[in-house]
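Here is what each chain is made of, one letter per residue.
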Amino acid sequence: MKQLMPFIIIIVFFILIAIFILALYNYRLKKRIINAGPLDENSVKFLAQLGSGNEALKWGLILLCAGIGFIVMEFIPYSAEDSPVPYGVEMIFISAGFLIYYLLLRRRKD
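Residues numbered from 1 in each chain as written. Predicted model: local features only at pLDDT ≥ 70, side-chain atom pairs only at ≥ 80, totals over all residues. Heavy atoms only, no water.

**Q** Hey, could you run me through helix α4 (residues 85-109) in this one?
**A** Every α-helix winds through 3.6 residues per turn, so residues three or four apart in the chain are directed the same way. End to end, α4 covers 36 Å across 25 residues, agreeing with the expected 36 Å (1.5 Å per residue, within 8%). Within α4 the residues assigned to the buried category are Pro86, Val89, Glu90, Gly97, Tyr101 and Leu105. Tucked into the core, α4 has its buried residues touching α3 (55-75). (Helix = DSSP H or I, 4+ residues; strand = E, 2+ residues; numbered from the N terminus. Expected span 1.5 Å × (residues − 1). Buried < 20%, exposed > 50% of the residue type's maximum accessible area, 1.4 Å probe, protein only. Contact = heavy atoms within 4.5 Å.)

**Q** Would you explain the packing of α3 against α4 in this entry?
**A** A pair of packed helices can be characterised by two numbers: the angle between their axes and the separation between those axes. Packing of α3 against α4 brings their axes to within 8 Å, and their N-to-C directions diverge by 150°. Put simply, α3 runs roughly antiparallel to α4. Considering only the axes of α3 and α4, their crossing is right-handed. Residues Leu57, Lys58, Leu61, Ile62, Cys65, Ala66, Ile68, Gly69, Phe70, Val72 and Met73 of α3 form the contact with α4, whose participating residues are Pro86, Val89, Glu90, Phe93, Ile94, Ala96, Gly97, Phe98, Ile100, Tyr101, Leu104 and Arg108. A class-by-class count of the residues in the contact of α3 with α4 yields 18 nonpolar, 2 polar and 3 charged. (Axes fitted to C-alpha atoms, helices over the stretch in contact; angles between N-to-C directions. Parallel < 35°, antiparallel > 145°, perpendicular 65-115°, else oblique. Left-handed = near helix turned anticlockwise from the far one by under 90°. Nonpolar A, V, L, I, M, F, W, Y, C, P; charged D, E, K, R; others polar.)

As structure tokens, this is what we get:
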């Protein structure tokens, strides 16, 4: 697991940079569309589709569940070199975060 950690940190770093760049460009695009003049129905639909505002909720839930998964792994006995248990436990908790996010979004739409 210690050999895999630098690789994971690099991937997370680049993902965070990509998320920041996408948010910045979405903001700039929205600002240009609004400053262009009067908005018609298509422009309003496009702006609503461009950013739903649920990204912070999604990533907050996923990171919360991933952190809970790491805490749970502290209490599970396993062999760190040979066991796939840590990967399975972490994937279960991350997928639970996605599932909770999906259920919250579905409840909001209803």
